[in-house]
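Single-letter residue listing:
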Amino acid sequence: MPEGRQIAIIGAGAVGVISAIEALREGHRVTLIDPGEPGGEQAASYGNAGWLSSHSVIPPAEPGVWRKVPGYLLDPLGPLAIRWSYLPKALPWLIKYLLSGRTEARVEKTAVALRDLLKDAPLLHKKLAEEAGVSELIERNGVMHVFPARGNFDGDLGWRIRKRVGVEWLELSADEMRQREPELDPRYTFGVVVEEAGRCRDPGAYVAALANHALASGAKLVRAKATGLKLDGGKLVAVFTETGEIPCDAAVVAAGARSKLLTQSVGDPLPLETERGYHVMIEHPETGPRSSMMASDAKMVVNWTNKGLRAAGTVEIAGLDAEPNWKRAEILRDNLFSMFPKLPKDIPASRIKMWFGHRPSMPDGRPCIGYARASRDIVYAFGHGHIGLVGSARTGRLVAQLVSGKTPEIPLEPFAPSRFL
Ligand SMILES: Cc1cc2nc3c(=O)[nH]c(=O)nc-3n(C[C@H](O)[C@H](O)[C@H](O)COP(=O)(O)OP(=O)(O)OC[C@H]3O[C@@H](n4cnc5c(N)ncnc54)[C@H](O)[C@@H]3O)c2cc1C
């Protein structure tokens, strides 16, 4: 593999910018291509919950989830909703999704693979943030999961598998919870603290700082939409964009939920879908949690950010083009009020911000990290679903290893795009 390659990285979200930093470290020349601002609102990397949860190893589909599908279709405001009008398009992906979580063994296989990808991620992010001069944006002081009852936790397959793949935690009784989180509604009577996890205080600002760091280290940024990859006899020669061709001898497809057309353009029809998610953010909130927490009943993460108290989560299957359903964000707001009853209900609308974005999701909950079939000059790095911020740190290193022709630092078989082809 030639040294010092000219690499075009398509997409400047968390995955793209960290891939750029790591590729520069390997001695390559890098051009980042994105029509939007790195770290801008168009990217999932902007509005996510900011959890650096190295224990988020359980894929979304678990055994028996198919029984819930009618509910997903009937309740457009539920934690997971499927829009009727989009069902025919989503069906092939949904079938793969249900099958991938059919047995405990399949879920565990994914958990083992994701543990490799995510282990040490908070530390890797801390180091990247230090390099980029924004160390204060990454904190490594654990996260909390809160449950209405201990039974919700004990009966959960995900936590049993987490234990088997080496995740450790601290369990909190109702009293211990009260001491740690006095503002939390007393209906939560059991908690779990995962001390190895971390969080980001402003994901958009973090990605923007990483992009600036890549540019200061020699990368170029082209503000354009990539439309395809130009091969000549199995060798990559350029990336097509709406404003012309960008010559290169390697490319990384890291365009998040919009990567599908690019992989199709080189003959890889991969089952990438968007799991749309929302956030609501209260600026200068009167109260809130002391730690960052996930509520098992509301299926949302509550995280302090530099811009305010952010609640993010839930899933809507409705494609890339449908208008957002802001009622889903209002539910996150109402859940926040119910979790923290001392938050005044009459907070002016000007202090409440809402956002929606596209998780790039593969049906089995594992990203695609590996070469295109048409050429090893093309590396795929997308499909991180719910774990793309935390997973971006090691993914960037893996991308740099792949473009350099080095042996990847973790086994990539579970992430091979070819598993779907
Ligand atoms: C509500 C919500 C909460 C979440 N919470 C968490 C969390 O707490 N922790 C966590 O780890 N993950 C979380 N995620 C998931 C995480 O945000 C994503 O997995 C991650 O941001 C994906 O990063 P990415 O770089 O692959 O894609 P993106 O951040 O979406 O970036 C893709 C970039 O590609 C660009 N692009 C698109 N098409 C083209 C093209 N044709 N040419 C050039 N550029 C293009 C876009 O403009 C964009 O900038 C959450 C997601 C959501 C929606």
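Residues numbered from 1 in each chain as written. Predicted model: local features only at pLDDT ≥ 70, side-chain atom pairs only at ≥ 80, totals over all residues. Heavy atoms only, no water.

K.L.:
Explain the side chain of Ser54 to me, please; I cannot follow it from the model alone.
P.N.:
Following the sequence through the fold, Ser54 ends up in the loop between strand 3 (51-52) and helix 3 (69-74). A polar side-chain atom of Ser54 sits 2.7 Å from a polar atom in the side chain of Glu196. When residues no more than four places from it in sequence are discounted, the contact partners of Ser54 are Arg115, Leu118, Pro122, Glu196, Ala197 and Val390. (Helix = DSSP H or I, 4+ residues; strand = E, 2+ residues; numbered from the N terminus. Polar contact = N/O pair within 3.5 Å; in protein donor to acceptor, adjacent residues only side chain to side chain. Contact = heavy atoms within 4.5 Å.)

K.L.:
Could you clarify how one ought to interpret the sheet that holds strand 13 (residues 244-247) in this entry?
P.N.:
Across a sheet, paired strands are connected by hydrogen bonds in the backbone, their directions being either parallel or antiparallel. Strand order across the open sheet formed by 3 strands is 11-12-13, with antiparallel pairing between neighbours. This sheet does not close on itself; its edge strands, each paired only once, are strand 11 (226-232) and strand 13. Neighbouring strand axes in the sheet, compared pairwise and without regard to direction, differ in orientation by 30° on average. The sheet contact formed by strand 12 (residues 235-241) and strand 13 spans 4 bridges and is antiparallel. By the bridge assignment, Thr241 is partnered in strand 13 with Gly244. (Pairing = 2+ DSSP bridges. Axes fitted to C-alpha atoms, helices over the stretch in contact; angles between N-to-C directions.)

K.L.:
When you look at the packing of aromatic side chains in this model, what are you seeing that I'm missing?
P.N.:
Here the distance between the centres and the angle between the planes together describe a pair of aromatic rings. For the structure shown, the criterion picks out 13 aromatic pairs. With a centroid separation of 5.9 Å and 45° between ring planes, the pair formed by Phe147 and Phe190 is classed as tilted. Remark: Phe190 occurs in strand 8 (residues 190-194) and Phe147 occurs in strand 6 (residues 143-147); sequence separation between them is 43 residues. Pair check on accessibility: Phe147 and Phe190 agree, each one buried. With a centroid separation of 6.1 Å and an interplanar angle of 85°, the aromatic rings of Trp326 and Phe356 are classed as edge-to-face. Note that Trp326 is positioned in the loop between strand 18 (308-317) and helix 12 (327-339) and Phe356 in strand 19 (residues 352-361), a separation of 30 residues in sequence. Using a relative accessible area of 34% as the deciding quantity, one classes Trp326 as partly exposed. Just above the ring of Trp169 sits the side chain of Lys163; from NZ or CZ to the centre is 4.5 Å. (Phe/Tyr/Trp six-rings, centres within 6.5 Å; stacked < 30°, edge-to-face > 60°. Buried < 20%, exposed > 50% of the residue type's maximum accessible area, 1.4 Å probe, protein only. Lys NZ or Arg CZ within 6 Å of the ring centre and 35° of its normal.)

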